[in-house]
Amino acid sequence: TQSTWGAVSSILPVGLAMSINSDGCIIFFVNGERHEIPASTLLLAPRVNLLHYLRNDLGLKGCKPACETGGCGACNVTVSKFNGTLNIVEHKVVAACLFPLVRCHLADVTTIEGLGNSKHPHVLQQRLATTHGTQCGYCSPGMIMSMYSLLRENPNPTTLDIEDTLKGNLCRCTGYRPIIEAFQSFTDQEEECKESPLNDYKNYMKYSDSSNPTFPDELIELTRLQGDVELEGCGRQLFLPTSLDSLIVCKATHPSATLYGGKITPIPSLHETQISIITENVGDLHEVKYQEDGINIGSAVTISQLRMHLLREDINEAHPVLCKSLLQACQAILKHIRDMGTVIGNILCPDISNSDFVPLLVACSALLNVINCETKSSKIIPINSSFYNGPTATTGNILNDMDLVVSLFIPRCVSDTNLFTYRMWPKPVTIKFSRISCGIKLVCDNNNIVKDLIMVFGGVKGGFLVAHKAASVAIGTKWNEHVWRAIIAELHIEFKDVISEYQLYLTVGLFQRFVEYCDNGCQYYNLPPMKKSLQTIGDWHKDSKYIGKPVIHHAAVTHCTGESVYVGDISEFGNELHCAFVTSTKAHAKILSVNVASARALEGFVSYYDYTDVPGENDFDDHTAFAKDCVNFVGQIIGVVVGTTVTAARKAAMSIEVQYEELDAITTMEEAIKKESFFETPTIHTVGNVGESFKHCDHVIEGELKVHAQCHVYMENVGCICVPSGENDELVLYTTTQDSSSTQRFVSDLLGISRNKVVVKIKRIGGGFGGKELKPLPAVGSAALAAYKLNRAVRCIFTRDDDFLMVGYRTPLLCRYKVGCTSDGRILCVDAKVYADCGFKCNINLGLLEYMYNFLGNVFCIPNSVFELQVCKTNWPQNVAMRGVSLIGGAWFVDNWIHDIAIKCNLPFEQVKSANFYTLGDVMPFIEGGKIVEELNAQLCWERCLKISNFYDRQKEVAEFNSKNKYTKRGIYIMVKSFGVTMAAPSFLVPLCQSSSLVCIYTDGSVSVNHHGVEMGQGLHTKMIQLVCDTLGVDQKLVRITDTSTDKVPNSTTTGGSFGTDLAGEALLHACMTLNERLKPFKEENPAGCWKTWIEAAYTARVCLSAVGYFPNTNDPGKLVDHFTSGAACCEVEVDCLTGEFRFLVADIVMDVGHSINPAIDVGQVEGGFVQGLGLHTCEEIWGTLEGDKLTRSLSDYKIPTVVDVPREFNVHLLEDGSVKRAGFLSARGIGEPAVLLGSCVFFAIKEAIAAYRGSREIFRLDSPASCERIKLACEGVFSPHLKHASNCAINI
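Residues numbered from 1 in each chain as written. Predicted model: local features only at pLDDT ≥ 70, side-chain atom pairs only at ≥ 80, totals over all residues. Heavy atoms only, no water.

Chemist: Any chance you could explain the overall build of the chain here in plain terms?
Modeler: Of the regular secondary structure elements, the chain holds 41 helices and 49 strands. Counting the 1293 residues in the chain, one finds 65% classified as buried. Taking all contacts inside the chain whose residues are at least 6 apart in sequence as the whole, residues at least 24 apart take part in 77%. When the accessible area of the chain is evaluated, it comes to approximately 44900 Å², of which 50% is carbon and sulfur surface. Each charge class in the chain was averaged separately, 114 positive and 141 negative side chains, and the resulting centres sit 1 Å apart. (Helix = DSSP H or I, 4+ residues; strand = E, 2+ residues; numbered from the N terminus. Buried < 20%, exposed > 50% of the residue type's maximum accessible area, 1.4 Å probe, protein only. Contact = heavy atoms within 4.5 Å. Areas by Shrake-Rupley, 256 points an atom, 1.4 Å probe, with all protein chains shown as cover. Lys, Arg positive; Asp, Glu negative; His and termini not counted. Charge placed at Lys NZ, Arg CZ, Asp CG, Glu CD.)

Chemist: How should I be thinking about the pattern of salt bridges in this particular structure?
Modeler: Oppositely charged side chains are able to pair whenever their charged atoms sit close together. Across all of its chains, the model carries 55 salt bridges by this definition. In this structure, the salt-bridge partner of Arg34 is Glu36, at a minimum N-O distance of 2.3 Å. Across the pair Asp569 and Arg55 runs a salt bridge whose closest N-O atoms are separated by 2.8 Å. Linking Asp569 in the loop between α22 (556-561) and β20 (577-583) with Arg55 in helix α2 (residues 50-57), this pair joins segments that are 514 residues apart in sequence. (Salt bridge = Lys/Arg side-chain N within 4 Å of Asp/Glu carboxyl O.)

Chemist: I keep staring at helix α7 (residues 177-184) and nothing clicks. Help me out?
Modeler: The buried fraction of α7 amounts to eight of the eight residues, a majority that puts the element mostly inside the structure. Of the residues making up α7, those classed as buried are Arg177, Pro178, Ile179, Ile180, Glu181, Ala182, Phe183 and Gln184.

Chemist: How do you make sense of the pairing of strand β15 (residues 417-423) when you look at a structure like this?
Modeler: Two faces, one strand: in a regular strand the side chains alternate between the faces of the sheet. Of all the seven residues making up β15, seven are buried; the element is thus mostly covered by neighbouring parts of the structure. Residues Thr417, Leu419, Thr421 and Arg423 point to one face of β15 and Asn418, Phe420 and Tyr422 to the other, with burial holding for every one of them. Pairing of β15 with strand β16 (residues 437-444), which is carried by seven bridges, proceeds in the antiparallel orientation. Bridge pairing links Arg423 to Ser437 in β16. (Pairing = 2+ DSSP bridges.)

Chemist: I would appreciate a short explanation of the packing of aromatic side chains in the present structure.
Modeler: Each pair of aromatic rings is reported with the distance of its centres and the angle of its planes. On inspection of all chains with the given rule, the structure shows 34 aromatic pairs. Relative to Phe495, the ring of Phe457 has its centre 6.1 Å away and its plane inclined at 85°; by these criteria the two rings are edge-to-face. Of this pair, Phe457 sits in strand β17 (residues 450-460) while Phe495 sits in helix α20 (residues 481-495); the two residues are 38 residues apart in sequence, bridging distant segments of the chain. Pair check on accessibility: Phe457 and Phe495 agree, each one buried. An angle of 80° between the planes, with centres 5.9 Å apart, marks the rings of Phe581 and Phe798 as edge-to-face. (Phe/Tyr/Trp six-rings, centres within 6.5 Å; stacked < 30°, edge-to-face > 60°.)

Chemist: Explain the packing of helix α5 (residues 140-153) against helix α6 (residues 159-166) to me, please; I cannot follow it from the model alone.
Modeler: Helix-helix packing is described using two parameters, namely the angle between the two axes and the distance between the axes. Interhelical geometry of α5 versus α6 gives an angle of 130° and a closest axis separation of 9 Å. In terms of orientation, α5 lies oblique with respect to α6. Crossing angle aside, the handedness with which α5 passes α6 is right-handed. Of the residues in α6, those touching α5 at Met143, Ser146, Met147 and Leu150 are Asp161, Ile162, Thr165 and Leu166. Of the residues belonging to the contact of α5 with α6, the class tally is five nonpolar, two polar and one charged. (Axes fitted to C-alpha atoms, helices over the stretch in contact; angles between N-to-C directions. Parallel < 35°, antiparallel > 145°, perpendicular 65-115°, else oblique. Left-handed = near helix turned anticlockwise from the far one by under 90°. Nonpolar A, V, L, I, M, F, W, Y, C, P; charged D, E, K, R; others polar.)

Chemist: Sorry, what's going on with the sheet that holds strand β25 (residues 630-631) here?
Modeler: Whenever strands of a sheet pair, they do so through backbone hydrogen bonds, lying parallel or antiparallel. Taken together, the three strands give an open sheet; going across it, the order is β25-β21-β27, and neighbouring strands pair in antiparallel fashion. Each end of this open sheet is capped by a strand with a single partner; those strands are β25 and β27 (657-662). Two elements, strand β21 (residues 589-595) and β27, share six bridges in a ladder whose sense is antiparallel. The partner of Ala589 across the bridge, within β27, is Glu662.

Chemist: How should the environment of Leu453 be read in this particular structure?
Modeler: One can find Leu453 in strand β17. For Leu453, a relative accessible area of 5% translates into the label buried. Here the alpha-carbon distance between Leu453 and Arg816, two residues 363 residues apart in the chain, equals 49 Å. Discounting residues that sit within four places of it in the chain, Leu453 has contacts with Ile440, Lys441, Leu442, Ala471, Ala474, Ile475, Trp479 and Ile487.

Chemist: Is there a simple way to explain the confidence of the model for the chain in this structure?
Modeler: On average, residues of the chain score 89 in pLDDT, and 93% of them are at 70 or above. A low-confidence stretch, residues 1-23 (pLDDT under 50), is modelled with 39 contacts involving residues beyond four sequence positions or located in other chains. The model gives residues 264-271 a pLDDT under 50, and that stretch makes 25 contacts with residues more than four places away or in other chains. (pLDDT = per-residue confidence, 0-100.)

Chemist: Please clarify how the nonpolar core should be interpreted in this entry.
Modeler: Generally speaking, nonpolar side chains in soluble globular proteins are found buried as a group. Phe183, Phe893, Trp897, Ile1149, Met1151 and Phe1170 are the most contacted members of the largest nonpolar core, which has 218 residues in total. Here this core takes ten residues from helix α31 (residues 887-904), the largest share from any one element. Leaving out residues up to four positions away in the same chain, Phe893 has contacts with Leu705, Val707, Leu813, Leu814, Cys815, Val834 and Met852. (Core = buried A, V, L, I, M, F, W, Y, C linked by side-chain atoms within 4.5 Å.)

Chemist: For this particular structure, what's the right way to read a nonpolar patch on the surface?
Modeler: Together, Leu86, Ile88 and Met308 give the surface a local cluster of nonpolar side chains, amounting to about 240 Å² of exposed area. Under the relative-accessibility criterion, Leu86 is labelled partly exposed at 44%. (Patch = residues over 30% accessible without salt bridge, like charges linked within 9 Å, V, L, I, M, F, W, Y side chains within 5 Å.)

Chemist: Explain the sheet that holds strand β18 (residues 463-466) to me, please; I cannot follow it from the model alone.
Modeler: If you walk across this open sheet you meet the four strands as β15-β16-β17-β18, and the pairing is antiparallel. Where the open sheet ends on each side, the last strands, each with one partner, are β15 and β18. Put simply, the sheet's adjacent strands are angled 10° from each other on average, direction ignored. Sheet topology note: the β17/β18 ladder contains four bridges and is antiparallel. Its bridge partner being in β18, Phe457 is matched across the sheet by Leu465. The strands touched by α20 within the sheet are β17 and β18, with β17 carrying the most contacts at an inclination of about 40°. Together, β15, β16 and β17 form the strand contacts of helix α21 (residues 501-519), whose direction differs from that of β15 by roughly 140°.

Chemist: Could you clarify how one ought to interpret α2 in this entry?
Modeler: Working note: α-helix, 3.6 residues per turn, so residues spaced by three or four point in the same direction. Regarding α2, the residues found buried are Leu50, Leu51, Tyr53, Leu54 and Arg55. In the core, the buried residues of α2 are packed alongside β1 (25-30), β2 (33-38), β3 (76-83) and β5 (107-110). Residue Asn49 occupies the N-cap position of α2, its side-chain oxygen lying 3.2 Å from the main-chain nitrogen of Leu51. Immediately downstream of α2, the backbone of Gly59 shows phi near 70°, a positive value. (Polar contact = N/O pair within 3.5 Å; in protein donor to acceptor, adjacent residues only side chain to side chain.)

Chemist: It is not clear to me how the packing of helix α36 (residues 1060-1085) against helix α37 (residues 1091-1100) should be interpreted in this structure. Could you clarify?
Modeler: Remark: α36 packs on α37, axes separated minimally by 9 Å, with the N-to-C direction vectors making an angle of 115°. The orientation of α36 with respect to α37, classified from their angle, is roughly perpendicular. α36 and α37 meet at a crossing whose hand is right-handed. Every residue of α37 that contacts α36 at Leu1079, Phe1082 and Lys1083 is listed here: Trp1091, Trp1094, Ile1095, Ala1097 and Ala1098. Split by residue class, the contact of α36 with α37 holds seven nonpolar, no polar and one charged.

Chemist: So what exactly am I meant to see when it comes to the environment of Asn1292 here?
Modeler: Among the secondary structure elements, Asn1292 is positioned in strand β49 (residues 1290-1292). C-alpha of Asn1292 to C-alpha of Gly568: the two residues are 724 residues apart in sequence and 32 Å apart in space. Side-chain polar atoms of Asn1292 contact the side chain of Arg1270, separated by 2.9 Å.

Chemist: Could you clarify how one ought to interpret unusual backbone geometry in this entry?
Modeler: Most peptide bonds are trans, and most residues other than glycine sit at a negative phi. The omega angle of the peptide bond from Ser1264 to Pro1265 is 10°, so this bond is cis rather than trans. Mapping Pro1265 onto the fold places it in the loop between α40 (1240-1254) and α41 (1268-1275). One non-glycine residue, Asp729, lies in the positive phi region at around 60°. Tracing the backbone through its elements, the reader meets Asp729 in the loop between β30 (719-724) and β31 (731-735). Look at Asp729 and you get partly exposed, because its relative accessible area is 37%. Phi is positive for Phe769, close to 60°, though the residue is something other than glycine. Tracing the chain through its elements places Phe769 in the loop between β32 (758-762) and α28 (777-790). For Phe769, a relative accessible area of 11% gives the class buried.

The structure is reproduced here in structure tokens:
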């Protein structure tokens, strides 16, 4: 069999036989090392892509899997190839998860490991680490590789170049500001970057091209000499021709072969075909030719290569109109996608509704040059409706199997042509919910009479629509406002029964945007670059060497070099197995049968387990490991399949047949309310006399508001590795959890063994945000059961699809309210009923939702209220805690009431806020027993933010801007919020008010530290190292925090709620003080000694050099709040009222963090939390069907804020002079969650801009998130409580 691999095919005609390297392999370099991959390896594996090869074959774990759809940038690497035509080396950033390994032939691949390591970092790695641009660190390697590729292409980039490069790299932790600032130091803004009080630029390495890896000479020679390549083995053939003649003959010889030419094709489909031909090495297809009548683009030209050609002066001079709009279309595509994908691939993709080029090319009457490989005949095919929807179109277009697209020809636009293209999003979006795009071409004569008008709108009806009737209205008439109105009227008639209401408004809006474009000299709007932002901090803890200093994250350098180890990076254990889940495909149904027979017959299948195999308890604290007789949501775990490989396990799981008897499912909160599907009787809280108070109100406002769900989107997926010790039923679990002890308890109860036999270890996790507290439990339990049963290590790593499908989100809330106020804007009373969609189980939601009542009003005094909370039961996964818990929804409701009161009373909203603030000595009636306001600092933050933001002057500037702009409006808003940090909380959380730690000193003076907390990017370990160094008086280099582990610190508290520093800090301080007492005699005896001599002396004297620290929170368990963290934000936005898009211009934030332990970390937490709140209230939408299936299953479907969505000026000021009478540990305040509440400031700024467009100050409903769709509909005066897309089956969860 070995001899058949790499065998040379003899069926090609003589003279055209392929020149194949003797071993039948591809040759490439990785980080300077030569690799040859034979056909036996390349074609055997079912998913051969670069990501899998780097991680699994080479052990290069810095390339991170996060989405595996090219939507996040975590796996980005640089692929360099020699271009023989231009005689240069081209450096491209590619998503390794989408890049077929075969495309690496004659390439030099550079990964994060190839740049440097923690001992000798590359300047990019050092710069990002030292400017605090990394938190959890999971996205950092991809960020650096994207920037590295840019620097290799352009050593002198601008900030806009950087943002364009990074807009496809997602980060959930930082808010992007420090990342951009780190890389801005490579631009002409380097000197400005040195002004930050957080960064130490003294030891910065200088960038030079000599610090970069060199391109291998061998690849240059091989490229010049390369011939055609054929690989054969495992029943498959793969061809890489290098000339057009060879390609034609190859396709003619193998009619069933599938052509791949730069289309971003998922790798599995490449290997489902028996014969494949990759066209990207065909030099003839890489040509871009421009001539007098148009531009000819070879079918293998990547979008980046086209962009490079379009920037050339000679092409721009010859075809200025075409170049401008083609560049705009290129710019809309993520860089790591346009570096891989071709224009032809984009227009031949299976679903053209998501194409960036099709509407523009149809408008331009573009043509395809096609050769039939069988007959060798050529034909010209226009790109139009017939091409995609003609009677012979079977695969999305009319091309047949023997047709080869050679080039794309775009005709010249004459000088009197206006050409326009527009796409809604700055990144690719889901094919299911593609937004409208357009291509419009207008030709007028010298008298402004319309000679031709073509209007094409993409993203609808599975493709595009051409507005023939609307365009015909304009032909032969003068181009003016009269004809514009006629066209708009005709668009409404032509499309009203074809597309959704929103799409119709958007179609008209895009036409109006085209009119604006023509009036403004045909200039596209370009987002301004992010400015150098301000961060101001206080000079706290002056006498301390470490506390209060902006120390970089303890693992920042290893994050940036790819050396930080996450669960998925742990090397395989011997004889390791993998698991995959059999999940429900029904939202609510009885399980009639599960047929495993087909799975057992598959190669690699090991075993299958379900609830019948559980030796202990299947249920734990409202969590179920396996469904029993009934499933309650799509994605619920029915069983787990164990296989020898990931692929084998997943294939077996997919083959298992489950028979159901469907039951009625409830999939909306409104349906649950109608059917009274609740978990228990409502919780009702009453303060004062509401009925009497309403009698004295000048105004009463009634309404309904809804805030939808939000996904956690931690960059590292949920995962675990369960390793049996081989004796006494002992297990070690390496997992991605925020709560090690709950994981330990769940597994021990599931297996029916004592907890001392289960050890849970966490080195770090790549983000959590509350989603890794309880969400991973069923998956961890399933893997642990398999490991326990088989006595072998079992690995379970979720895909992003698994995560979206199987686990819950932030709880959606619906509020129906009546608010009474005086004419001067003071709130007198509130009657509110809040419904919460908790999914199919209540979980801990009821307790967390109580927070919403306990902090009702937030910083505003509401003297009389009735608050009713009703928890709905629906057929979705059980929703869980997320950063800021229910306080976010409650605070948002209250701000809406304040906003509406200001409108009703015709008062400035900031005046109404000031009239309702709590003041010192007031009683917070919602907190049990009433809490007297002793220290809130909210009003101080408010006043400081008003001043720093120059709010009143900017408010006038916004009004002036709005008076001069018809379709673009600005809004400015300011708010203040407070977050009650608690370690006691409701009774069910009282046991969490304790923590332990372990500090060990070794005889060389090094110190090992363990505490209960989990490091997930929030800098907890870094702060604890600062504390240990300061308390013991030891150098930071000697202190190391090891794994969070249940065999070191038992019975630990979950890490969350913004009190991790308080708990861990108190316990560690106790341990360090104990050690100081033991070392005190030796320091007094030898005052001239050093740390190491004191330790040696203590050891010689047989003094214990390890100490356990313990902190029982002795505060009153019924007391809800330990301290408040307050902050204020002022946000200014610009809304495009024609499309519903907005641009975030400025954010000024003032945050009271007390006396910060680490101001750099705290500023990062403020920025990251704020941007997560921004996402909740603007762009993050989860979609499902009325039948209960989730449509949002990837990071291409779910849009979190990107680098272009955050404010162009992002200023954060830590309050320097606030009272710390009631602050937390070391007079600092919890900061992980409070800033999320301020994200809603953007929402209200948008609402102000919408009001400016509507032209009257009136109350109108706008639910959260304020997506483009909701903004556009609100601008048109339309409200739809249930947004539905064109399919009319999608609901916003």
